[in-house]
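One-letter residues, chain by chain:
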Amino acid sequence: MKDIKKLIGSLSALEFSKMYNNDFLLTWEKTDQEVAAVLKVAEILREMREQNISSKIFDSGLGISLFRDNSTRTRFSFSSACNLLGLEIQDLDEGKSQVAHGETVRETANMISFMADVIGIRDDMYIGKGNTYMREVSKSVVEGNKDGVLEQRPTLVNLQCDIDHPTQSMSDLAHLVEEFGGIENLKGKKIAMTWAYSPSYGKPLSVPQGIIGLLTRFGADVVLAHPEGYEVMPEVEAIARRNAQESGGSFVKTDRMAVAFKDADIVYPKSWAPFKSMEKRTELYGNRDFDGIDRLEKELLAQNANHKDWECTEELMSTTKNGKALYMHCLPADITGVSCKEGEVVASVFDRYRVATYKEASYKPYIIAAMIFLSKVKNPGTTFGKLLENKKSRHFE
Amino acid sequence: MKDIKKLIGSLSALEFSKMYNNDFLLTWEKTDQEVAAVLKVAEILREMREQNISSKIFDSGLGISLFRDNSTRTRFSFSSACNLLGLEIQDLDEGKSQVAHGETVRETANMISFMADVIGIRDDMYIGKGNTYMREVSKSVVEGNKDGVLEQRPTLVNLQCDIDHPTQSMSDLAHLVEEFGGIENLKGKKIAMTWAYSPSYGKPLSVPQGIIGLLTRFGADVVLAHPEGYEVMPEVEAIARRNAQESGGSFVKTDRMAVAFKDADIVYPKSWAPFKSMEKRTELYGNRDFDGIDRLEKELLAQNANHKDWECTEELMSTTKNGKALYMHCLPADITGVSCKEGEVVASVFDRYRVATYKEASYKPYIIAAMIFLSKVKNPGTTFGKLLENKKSRHFE
Amino acid sequence: MKDIKKLIGSLSALEFSKMYNNDFLLTWEKTDQEVAAVLKVAEILREMREQNISSKIFDSGLGISLFRDNSTRTRFSFSSACNLLGLEIQDLDEGKSQVAHGETVRETANMISFMADVIGIRDDMYIGKGNTYMREVSKSVVEGNKDGVLEQRPTLVNLQCDIDHPTQSMSDLAHLVEEFGGIENLKGKKIAMTWAYSPSYGKPLSVPQGIIGLLTRFGADVVLAHPEGYEVMPEVEAIARRNAQESGGSFVKTDRMAVAFKDADIVYPKSWAPFKSMEKRTELYGNRDFDGIDRLEKELLAQNANHKDWECTEELMSTTKNGKALYMHCLPADITGVSCKEGEVVASVFDRYRVATYKEASYKPYIIAAMIFLSKVKNPGTTFGKLLENKKSRHFE
């Protein structure tokens, strides 16, 4: 049992006032202290729940979710986060409404937001689209609030876009902080973010991009490994490079998985689609060239099949630091012989780290709740203090 | 910031005791004082929310929604209203259940209502069906309550039927009260409810019907304009006529948009389907004659296309009172060159009133909450007084 | 108005400590006192609600529902139960996620459960599958809780499986207790659970199985009647036989409806599918032999049609005890001339008992809430005492 008052104390030492009444779209738009504040608030919220203390700050209010891609983990994490703070989930099911691009984004954003305190969006399928859409929604509700249409400004939380997956990368970071005993202990660690083979294609780039965009900030040596043709967005690589420089770490690229794994402290082997093909897919989609998309998908699967040797094996794991690198995955993983014939990771490696990956995922509801909390509460320290004083039970017996 | 106690005071001057434990199906079934009470309660609830005071009157309980037509605005408004008062939304998705007409309406209505405090229904597609269905549901749960099956009587709120759209027309009225500084100021105003061209067909008649059925009650001069063949239900016209007579206003019809706009204080240009065709469609649907429906739809689109000149233009707007009539719309509008090639309104007019139409929509959650509140609370003045005393924050900081 | 304190007193006399932090999967896994405790807690919760006293024990938390078959009644009952206790419903829609068998059951179960206090599952379509799946989910979250992945252990509630339908049979029991003035009055009563004709096929066996598995425990004479070929699972018959022996009642089978109805105090005529065919169907499904399934369905309908005389008629009813047996049904019933041409029951019989069957259904939300309550509250008597003291209104006026 952690001392919550102590945690609140260390939160108060941080500067994060600009997060108030603001969105969370990309981790690299946030300062180091803001990132630290999210981790700290998430830790406090988790500890409060474990100590059965309510952290409900809303008596009523809606949390709107908009998923443009199937989702279980993130959907439930967002629901859990909203519920923890007292917001009721209202899903915007585009099949049951008529949301289109253009004029109506502004309109729909306002129409659903009269009593919305937060909007969470996943829109990760098309390069150049998802993040842009989120900003359009955000701009619309900020305007709506200014114009007197909305009584409050709904906070936008990026639940995965084409560029970043901040609730994932921040959960991964929370997991690392716990595993390594502090964010400062990431300094000098070797982190391998590597592509891995999967029988599917077209997985979003936002996970590797989110990882290199965030984990390069703490003095670690981050290696990005992938076969030729599986490049990520150059803009995000540039951010990773700048981060590494500023933090005293490094960011290097390699086209050999073995190089990335060698002496790594942390490995994150995961499939993703090639950026250029995703760009092409977005273009084809824009032209409604569905035959073209079919052809492209077949090409991509064939291209993928050339790289079946990109698999996280016991052999590779044995080359990591003391043979004991921390294996990470955002889940679900493609596990060879379990969820597919040939996949990202062999079963024995995954099994050894299964519980660890579940714990890695368990931070997400708290990370999302922390993002909302920091946007909705002006003086988190004071508010936490009052909640502790109230000592309302989360589960009354 | 309005003085809530003063608002409560003026509410107490009104007689609305019959709204307790009752439904809200048609505005013309309610007295003027009852209509005024809904507006007042909506105003109080909005002000309470703006002053961050909780108006939660339910600790648990469900608000059931049943949408037989796609909906974003009304769905979110109903969810917001229920949430504001403390009810959790449970959507009755007929695709996931098996609700049919006949014996099972009574049964289903009871089966979903064991802990339901309110049921909101949208059923606007077929003439003669929607309102009838709502009454059947209401009768079923009233009986269920009497028979000891249900511990409470769920309130039925009409979220749009074939005859009326009371949550829309009441929101429109709230908007007018705000814009014109009081319901009494509608006296002598000219209100033009006019048909307008849209590339779609078959939009419900409940909006124009709701408007002429409600706005004729306050001494205004209401004009209903539409091309030949786009008549609305004669029963509702009769109500409008009677209302106008009783209120000292007028209700006239014209087949020229220009006549309606001339010197108007308020214009509401909006597409709807011809009543007779909708009746025919209901009949074809009853016979399951889907080819017939297809043919009818083509005819209707062709008929529509003859009236592309029914468009709310700058020219028409300039003929209104001082060229500054208030433009209204229930949204989404078909905006020429924006959401369609040729539509109900030109972009420059819509743009000038865009924020106003958003505000018009913003009353709906409060109007719905007020309808529920007045049905669920015996002495609203007293209950509001207690809520003010409790002073529980909606958003705790 | 019942005396709640008295009810709490009689609850305290029962031994049910093993229900704490446990699942509810099959009634025959529970002792008589545990079954009695569920009834008592349901009665207390219902009485509290009727006396407008909140029984909310959760300030936040999710109730996860997973329906692998269409549902209205049970869905709304589960939602109502969760809402009554303070849990927000989050539906796991497998169409919107990717839940499969194998490794991923464990993973998904954990991923959705970070803030889940209860998981309700309906999975009744395939013999040998549903209950097994529930146990797999339960085992996964118990492990997750032990491993530190989940902060709490979600309770699993069986909302209908291939073997039992405990929330239905327990509601039926609550209804009988009310109708006959006490569980002890079931001693010596004749209960006829009989097959009846329906134009559909393939209705789950879990209702008749649930009934014979539960109602044989109280000294009643239970008769199971069905045409040849409509056997239920032999394991459940064995349980019914053992129950009857232990309770001093009897369990007999007959292939004649009239024999079952003769002098019966309670009749439960209802269609179900033949067990052997359901087994075959599960096998065909496993082989993805959809043509085979089509053929089987046609065979089953033809087989069904041979037994149209299995109908609950006035004539049959007149042979029951004083011609006044209590007619029961889990609803919806196939009513001859109302919901189908030829069905399970004639309209006049159903009509006479319609309100009674609605009341029978009305216990389900409270039964489910009681199952959750007993798993989540260590000392129900004490907790109920505190709730009474708090005297928070369910509906504040």
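Anything mentioned here points back to the structure above.
About the criteria used
- Residues numbered from 1 in each chain as written.
- Chains lettered and ligands numbered in written order.
- Predicted model: local features only at pLDDT ≥ 70, side-chain atom pairs only at ≥ 80, totals over all residues.
- Heavy atoms only, no water.
- Helix = DSSP H or I, 4+ residues; strand = E, 2+ residues; numbered from the N terminus.
- Rg over C-alpha atoms; globule rule 2.2 N^0.38 Å.
- Buried < 20%, exposed > 50% of the residue type's maximum accessible area, 1.4 Å probe, protein only.
- Contact = heavy atoms within 4.5 Å.
- Areas by Shrake-Rupley, 256 points an atom, 1.4 Å probe, with all protein chains shown as cover.
- Least-squares fit on C-alpha atoms with pLDDT ≥ 70 in both.
- Buried area = accessible area lost by both parts, 1.4 Å probe.
- Salt bridge = Lys/Arg side-chain N within 4 Å of Asp/Glu carboxyl O.
- Polar contact = N/O pair within 3.5 Å; in protein donor to acceptor, adjacent residues only side chain to side chain.
- Phe/Tyr/Trp six-rings, centres within 6.5 Å; stacked < 30°, edge-to-face > 60°.
- Lys NZ or Arg CZ within 6 Å of the ring centre and 35° of its normal.

K.L.:
So what's going on with the overall build of chain A? Residues and values would help.
P.N.:
On a plain count of helices and strands, chain A comes out with 15 helices and nine strands. Computed over its C-alpha atoms, the radius of gyration of chain A comes to 21 Å, within 12% of the 21 Å expected for a compact globule of 397 residues. Its C-alpha atoms give chain A principal-axis dimensions of roughly 55 × 50 × 45 Å. For chain A, the proportion of its 397 residues judged to be buried stands at 62%. Within chain A, contacts between residues at least 6 apart in sequence are counted, and of these 83% link residues at least 24 apart. Entry remark: accessible area of chain A is about 14300 Å², with carbon and sulfur atoms responsible for 48%.

K.L.:
How would you summarise the relation of the copies chain B and chain C if you had to cite specific residues and measurements?
P.N.:
Under the fitted operation, chain B is carried onto chain C by 0.0 Å of movement along the axis and a turn of 120°, and the coordinates agree to an RMSD of 0.0 Å. What the rotation and shift describe, once combined, is the action of a three-fold rotation axis. Within chain B, the C-alpha atom positioned nearest to the axis of rotation is that of Glu88 of chain B, 4.6 Å from it. Little of the interface of chain B is mirrored in chain C, where only 5% of its interface residues are also at the interface.

K.L.:
Can you explain the interface of chain B and chain C? Please cite residues and give values.
P.N.:
Many analyses report the size of an interface as the accessible area lost when the parts associate. Contact with chain B, which involves 39 residues of that partner, is made by 40 residues of chain C. Of the roughly 3600 Å² buried between chain B and chain C, counting both surfaces, carbon and sulfur atoms make up 50%. Linking chain B with chain C are six salt bridges, by the criterion used here. For Lys56 of chain C, the salt bridge goes to Asp59 of chain B, with nearest N and O atoms at 3.9 Å. Taken together, chain B and chain C are joined by 20 residue pairs in polar contact (both at pLDDT 80 or more). The set of elements that each furnish at least two residues to the side of chain B that touches chain C consists of β1 (62-67), β2 (88-91), α4 (103-111) and α15 (380-390) of chain B.

K.L.:
Go over the packing of aromatic side chains, please, and point to the residues and values.
P.N.:
The full count for this structure, using the stated rule, is 21 aromatic pairs over all chains. Look at Tyr126 of chain B and Tyr285 of chain B: their rings are 4.2 Å apart centre to centre, the planes differ by 20°, and that puts the pair in the stacked class. Separated by 159 residues along the polypeptide, Tyr126 of chain B in the loop between β3 (116-123) and α5 (130-146) and Tyr285 of chain B in helix α10 (residues 275-286) bring together distant segments of the chain. Taking the relative accessible area as the measure of exposure, Tyr285 of chain B reaches 34% and is therefore partly exposed. Measuring from centroid to centroid gives 5.9 Å for Tyr327 of chain C and Tyr353 of chain C, while their planes differ by 45°, and the two rings are tilted. With a gap of 26 residues between them, Tyr327 of chain C in strand β9 (residues 326-327) and Tyr353 of chain C in helix α13 (residues 347-362) connect regions that are remote in the sequence. With respect to burial, Tyr327 of chain C and Tyr353 of chain C carry one shared label: buried. Members of the aromatic cluster, each reached through a chain of ring pairs, are Tyr126, Tyr285 and Phe290 of chain A. Between Arg68 of chain B and the ring centre of Tyr133 of chain B, over which it is positioned, the NZ or CZ distance is 3.8 Å.

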